[in-house]
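Below are the chains, spelled out letter by letter.
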Amino acid sequence: MSEARATGSSDLADTMTQLGRAAVACRPVLAQSSTSARNQALTVAAAQIRTRRAQILEANRQDMSAARSRDLSAALLDRLALDDKRIESMARGLEDIVALADPIGSIAAEWSRPNGLVIQRVRVPLGVIGIIYESRPNVTADAGALCLKSANPVILRGGSESRLSSAAIHACLVAGLEAAGLPAACIQLVPTIDRAAVGLMLSGMTEYIDVLVPRGGRSLVARVQAEARVPVIGHLEGLCHVYVDHDADLTMAREIVLNAKLRRTGVCGAAETLLVDRACPPAYLPALIEALISNGCEVRGDESARRADVRVKAATETDWRTEYLDAIISLRVVDGVDAAIEHIARYGSAHTESIVTANAVTAEHFLQQVDSAIVLHNASTQFADGGEFGMGAEIGISTDRFHARGPVGVEQLTSYKYVVRGAGQVRPG
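Residues numbered from 1 in each chain as written. Predicted model: local features only at pLDDT ≥ 70, side-chain atom pairs only at ≥ 80, totals over all residues. Heavy atoms only, no water.

**Quick look at the pattern of salt bridges**
Link 1 in the chain: Taken as a whole and judged by the stated rule, the model has 21 salt bridges.
Link 2 in the chain: Close ionic contact of Arg61 with Glu58 constitutes a salt bridge, the shortest N to O distance being 2.8 Å. Taken together, the positions of Arg61 and Glu58, both in helix α4 (residues 53-69) and 3 residues apart, correspond to about one turn of that helix.
Link 3 in the chain: Exposure remark for Glu58: the relative accessible area of 33% places this residue in the partly exposed category.
Link 4 in the chain: The salt bridge partner of Glu272 is Lys261, with a shortest N-O separation of 2.7 Å. Taken together, the positions of Glu272 in strand β8 (residues 271-277) and Lys261 in helix α11 (residues 250-262) put the pair 11 residues apart, joining distant regions of the chain. Accessibility assignment for this pair places Glu272 and Lys261 in one class, buried.
Link 5 in the chain: When salt bridges with common partners are traced through the structure, they connect Arg50, Glu88, Arg92 and Glu95 into a single cluster. (Salt bridge = Lys/Arg side-chain N within 4 Å of Asp/Glu carboxyl O. Helix = DSSP H or I, 4+ residues; strand = E, 2+ residues; numbered from the N terminus. Buried < 20%, exposed > 50% of the residue type's maximum accessible area, 1.4 Å probe, protein only.)

If you want it as structure tokens, here you go:
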């Protein structure tokens, strides 16, 4: 029995079933649609986002007011907030996706066999994608656009806190679909904030949903991974690290650390732990701590960090495992690059890690040995973003080790099939 029916919410179960059936009906339509039609839909949607800017901002104002009344954290409020710059970024993101090559039907590999068979590996859509996300309304635009470009019908279930903002953005996507002659059901938004809808998507819609993508905190991802009865592209928390090596340039290290932690504290690519090589020149550790504290960041450190600056608070074992999503960072002094790699392996979430060093050999060792989705050399962890990778946008950063890893963009939302062409060949007995 589904969660909705178990609680007597038969209307919700019926609504979700209708969404599922409509999405499945869109599969052949999108699979056969032209690149130009899908691009037209996205181009019109981008224009609509700009045209309806005032309506989107008003919807977001109402969402923000309700969120503040619920005493949501500063990090969640930052994720929820929209302004002119973020709306323009959403519109440009859709246009960037239009500019990407269409992956559907592309030949990833081709070869011939001695018997004359010609074999091709051809990219195809994944199918109906269910995306469950929390406070960020821009995910509605990014996810809807990426799924459309890759010819996948999508059912979006945004967080209750962004309900009005997401609905306003979704209306722009629907306008684009209609202008291009594509069914509005290609991109659907679950019309209820009832949490039972999540349970149905996880285990009650297996005949409709082919893949689930959770985008949110640890509790959401853990629930999806535990309860889902369809394949999941996981997006675990971003417990990201920056390691400052003894061969680092201090000025570069300071700028990277500040940007990685404080550019936007509420994003999954924000650094949560700073690791500093014990062999760094004596001035490095105090200078990095001073830069963080003077820019409003609380530092929680080990004994070495606390000796370097009395303002550093004592770190606990929990701090090394915490994604703060706030102006807080944990700091540990380590004995070289291998100790940094060991710390990351023990406490990290396999998301994004950066090394700051002028030593190419040390950098290469770090890049090869750290088993995370994204590893960087002399760059901020906040570059962990599909748009920054030239992918137009992303649904999230996958921390899985199969199918898709790192930014999940258009190409990662495809699978493949083998097309074999012959001339009457039969396999001998």
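**Here's the deal with the sheet that holds strand β1 (residues 107-112)**
Link 1 in the chain: Pairing is antiparallel across the open sheet formed by 3 strands, whose spatial order is β1-β2-β16. Each edge of the sheet is formed by a strand with only one pairing partner; in this case those strands are β1 and β16 (414-421). Ignoring strand direction, the axes of neighbouring strands in this sheet form an average angle of 20°. (Pairing = 2+ DSSP bridges. Axes fitted to C-alpha atoms, helices over the stretch in contact; angles between N-to-C directions.)

**Observations regarding the packing of helix α6 (residues 84-99) against helix α7 (residues 138-149)**
Link 1 in the chain: Look at α6 against α7: their axes get within 10 Å of each other, and the N-to-C directions meet at 10°. In terms of orientation, α6 and α7 fall into the roughly parallel class. Listed contacts from α7 to Met90, Leu94, Ile97 and Val98 of α6 are Asn138, Ala141, Asp142, Ala145, Leu146 and Lys149. (Parallel < 35°, antiparallel > 145°, perpendicular 65-115°, else oblique. Contact = heavy atoms within 4.5 Å.)

**Considering the packing of helix α9 (residues 196-204) against helix α10 (residues 218-227)**
Link 1 in the chain: It is at 9 Å that the axes of α9 and α10 come closest, and there the two elements cross at 35°. α10 is crossed by α9, and the crossing has right-handed handedness. Note on element contacts: α10 touches α9 through Arg223, Val224 and Glu227, opposite Val198, Gly199, Leu202 and Ser203. (Left-handed = near helix turned anticlockwise from the far one by under 90°.)

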